[in-house]
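Spelled out from the first residue to the last, the chains are:
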Amino acid sequence: MDVTELTKQLKNATPAMIYVVLGTQQALQQAALDSFLSIIPEDQQVMNVGRYDMEVTPVAAALDDAMSAPFFGERRLVIINKPYFLAGEKKGGSVEHDIDSLMKYLEQPEPSTTLVFLAPYEKLDGRKKVVKELKKVAVTVSAAPLDEHQARAEVDKQLGEAGFDIAPQAMDELVQRTNADYGLMVANLDKLKLLAYESKEISAQMVQDLVPQSLDDNVFDLVTAVLQKDQAKSLELYQQLLAGQKQPLQINAVLVSQFRLLIQIKILVAHGLSQGSIASKLSVHPYRVKLGMQTVRRFTLDQLSEAYLGLIEIEKSLKTSQRDPELLFQLFLLTYSRKV
């Protein structure tokens, strides 16, 4: 189930005894945790909620808590955070975990306790015996990163529940400025709602005023201008980045990274891979791949490669000479425009 389904279940039914919240989207992990905390009355949480970080605390301590009866309440909630031993990850330190005791608890969990594993990992190690047993008895809640469509829908739903509307252009702007990262989108909602407190309408201008563009976003516009051989626009955008206190080496590194990504996408598209497959193969957010696929359709592999190699030459010059970065970029633009 997803986090929305979890929230509904916890409101309308008796909680299960064991849950696993699996996925790397921190905003969804936090939303799931908030939903679990809501099943324990606030005045009982000090005595009936236990939180244990497996990177610093033995699992035996959490299990002792889980096996205890609730104190002046009906239910105890025990949170096991970062159970890396379920994902096959290795951590330094001296923490020893009694996996046998965990296996025994899974075979006979305490009915008055809700035990939650917050696992911020892509997947668990299915080869482990303890993981196989956990999957038999636990309710799994997905906290995997949302794709663009899901992120849009979830943000729209949250705003609607809070009594706010967001214009389509504003949603597009929010997606663009956050690269459709659900966590970043959610992180900006509070200030947008504050600005739209009276009108209850979030406009594109509000998003532009309050949600900062990342360096990657600004550089993407520069990449497009370079590929279109628009020297005036390219130089203007480059100067804006310098004026924004971005270092020339930093700007160039992001440019190199963007062109490398476009080259990879161009090659993988030619091999018939889909947007989702490319995102998975390159470990890149699907929204960045979507934008990249829209770009590479208009340019050849040679055009992308020439720009990439030219930027590598700029990097060498920036590191080995005292030449003016803006002049180097202008020379790159002139050379690139003549070559392709």
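Position numbers for residues count from 1 along each chain, tracking the sequence in the order it is written. Restriction of local features to residues with pLDDT of at least 70 applies here, the model being predicted, together with a cutoff of 80 or more for giving and counting side-chain atom pairs; totals for whole chains, interfaces and linings are based on all residues. To get the side-chain values, all heavy atoms of the structure are used, and hydrogens and water are removed first.

A. Structural context of the side chain of Arg75. Helical segments are the DSSP runs of H or I of at least four residues, strand segments are the runs of E of at least two, and each set is numbered from the N terminus. Mapping Arg75 onto the fold places it in the loop between α4 (59-66) and β3 (76-81). The buried label applies to any residue whose accessible area, calculated with a 1.4 Å probe on protein chains only, is under 20% of its type's maximum; exposed applies above 50%, and partly exposed to all values in between. Charge assignment in this entry is limited to Lys and Arg as positive and Asp and Glu as negative, and neither His nor the chain termini are counted. For this document, the term salt bridge refers to a Lys or Arg side-chain nitrogen within 4 Å of an Asp or Glu carboxyl oxygen. Comment: no salt bridge for buried Arg75; closest opposite-charge side chain is Glu74, at 6.8 Å. Pairing of N or O atoms within 3.5 Å defines a polar contact, subject to two protein rules: one partner must be a possible hydrogen donor and the other a possible acceptor, and residues neighboring in sequence count only if both atoms are side-chain atoms. Polar side-chain contacts of Arg75 include one of 3.0 Å to the side chain of Thr114. In contact with Arg75, other than residues within four places in its own chain, are Thr14, Pro15, Ile39, Ile40, Asn48, Pro70, Pro111, Ser112, Thr113 and Thr114. For this analysis, residues touch if any pair of their heavy atoms sits within 4.5 Å.

B. Expanded view of the packing of helix α6 (residues 99-107) against helix α7 (residues 129-137). Look at α6 against α7: their axes get within 10 Å of each other, and the N-to-C directions meet at 20°. Relative to α7, α6 is oriented roughly parallel. When the axes of α6 and α7 are compared, the crossing they make is left-handed. Across from Ile99, Leu102, Met103, Leu106 and Glu107 in α6, the residues of α7 making contact are Lys129, Val130, Glu133, Leu134 and Val137. Working convention: axes come from line fits to C-alpha atoms, limited for helices to the stretch in contact. Angles between N-to-C directions cover 0 to 180 degrees. Here the angle decides the label: under 35 degrees means roughly parallel, over 145 means roughly antiparallel, 65 to 115 means roughly perpendicular, and every other value means oblique. A crossing counts as left-handed when the near helix is turned anticlockwise from the far one by less than a right angle, and as right-handed when that turn is clockwise.

C. Molecular detail of the packing of aromatic side chains. Each Phe, Tyr or Trp ring, with Trp reduced to its six-membered ring, pairs with another whose centre is within 6.5 Å; inter-plane angles below 30 degrees give stacked pairs, above 60 give edge-to-face pairs, and intermediate values give tilted ones. Summed over all chains, the structure comprises six aromatic pairs. Ring centres of Tyr84 and Phe85 lie 5.9 Å apart, and the angle between their planes is 65°; on these two criteria the pair is classed as edge-to-face. With respect to class, Tyr84 is no different from Phe85; both count as buried. As a reminder, the over-ring test applies to NZ of lysine and CZ of arginine, requiring each to be within 6 Å of the ring centre and within 35 degrees of the ring normal. Positioned over the ring face of Tyr197 is Lys200, at 4.7 Å from the centre of the ring.

D. Structural view of the pattern of salt bridges. Applying the stated criterion to the full structure yields 14 salt bridges. The residue Glu173 makes a salt bridge to Arg177 at a minimum N-O spacing of 2.7 Å. Of this pair, Glu173 and Arg177 are both found in helix α9 (residues 168-178), four residues apart, which corresponds to roughly one turn of the helix. As far as the burial class goes, Glu173 and Arg177 line up, both buried. Here Glu315 ties to Lys319 by a salt bridge, and the two come within 2.9 Å at their closest N and O atoms. Placement of both Glu315 and Lys319 in helix α18 (residues 301-320) is noted, with a separation of four residues, approximately one turn of the helix.

E. The arrangement of the layout of surface pockets in detail. We place a 1 Å grid over just the protein atoms. Points where a 1.4 Å probe fits but has no way out form a cavity, open points with protein on both sides within 12 Å along at least 5 of 7 lines form a pocket, and any residue with an atom within 4 Å of a point lines it. Grid points are joined across faces, edges and corners, and a volume is the space filled by probe spheres set on the points. Taken as a whole, the largest pocket encloses approximately 630 Å³ of empty space. What lines the largest pocket is a set of 24 residues, and nearest its centre among them are Val3, Thr4, Ala31, Glu154 and Lys157. Where the lining of the largest pocket is concerned, the elements lending two or more residues are α1 (3-12), α2 (26-37), α8 (148-161) and α10 (182-187). There is about 510 Å³ of room inside the second largest pocket. If you go around the second largest pocket, you meet 17 residues; those closest to its centre are Thr24, Glu122, Pro145, Val284 and Pro286. The biggest single contributor to the lining of the second largest pocket is helix α16 (residues 275-282), with three residues. Three classes are used, and their members are as follows: Ala, Val, Leu, Ile, Met, Phe, Trp, Tyr, Cys and Pro are nonpolar, Asp, Glu, Lys and Arg are charged, and the others, Gly among them, are polar. Of the residues contributing to the lining of the second largest pocket, the split by class is seven nonpolar, seven polar and three charged.

F. Layout of α18. Between the first and last residue of a helix there are one fewer steps than residues, each counted as 1.5 Å, and that sum is the expected span. Look at α18: 29 Å from first C-alpha to last across 20 residues, which is about the 28 Å you get at 1.5 Å a residue. Burial in α18 covers these residues: Gln303, Leu304, Ala307, Gly310, Leu311, Ile314, Ser317 and Leu318. When α18 is viewed along its axis, its buried side chains cluster within an angular range of 145° and face the same direction. Exposed side chains of α18 directed beyond 90 degrees from the buried face belong to Asp302, Lys319 and Thr320. Our arc is simply the arc of the directions from the helix axis toward the C-beta atoms.

G. Structural context of the side chain of Asp125. On the secondary structure map, Asp125 appears in the loop between β4 (113-119) and α7. With residues up to four places along the chain from it excluded, the contact list for Asp125 reads Leu86, Ala87, Gly88 and Val131.

H. Examining the environment of Ala204 more closely. For Ala204, the location among the structural elements is in helix α12 (residues 204-210). Taking the C-alpha atoms as reference points, Ala204 and Lys339, 135 residues apart in sequence, are found 39 Å from one another. Once residues lying within four places of it in the same chain are set aside, the contact partners of Ala204 are Gln169, Ala170 and Glu173.

I. Spotlight on the nonpolar core. Nonpolar core, defined: a set of buried Ala, Val, Leu, Ile, Met, Phe, Trp, Tyr and Cys residues in which side-chain atoms within 4.5 Å join the residues together. Counting 43 residues, the largest nonpolar core has Val21, Phe36, Leu77, Val116, Val155, Leu174 and Ile202 as the members making the most contacts within it. Looking at this core, the element that brings in the most residues is α2, giving five residues. Apart from the residues lying within four places of it in its own chain, the contact partners of Val155 are Met171, Leu174, Tyr182, Met185 and Leu189. Counting residues in hydrophobic clusters, the runner-up holds 38 residues, among them Leu268, Ala307, Leu311 and Ile314.

J. Region of the structure containing the sheet that holds β4. Note: two strands are recorded as paired if DSSP finds a minimum of 2 bridges between them. Within the open sheet, the five strands sit side by side as β2-β3-β4-β1-β5. Their pairing is parallel. Bordering the open sheet on either side are β2 (49-53) and β5 (139-142), each of which pairs with just one other strand. In this sheet, neighbouring strand axes are inclined to one another by 20° on average, regardless of whether the strands run parallel or antiparallel. One ladder, built from five bridges, connects strand β1 (residues 18-22) with β4; its direction is parallel. For Leu22, the partnering residue across the bridge sits in β4 and is Ala119.

Note that all results are geometric; they support no functional claim without further evidence.
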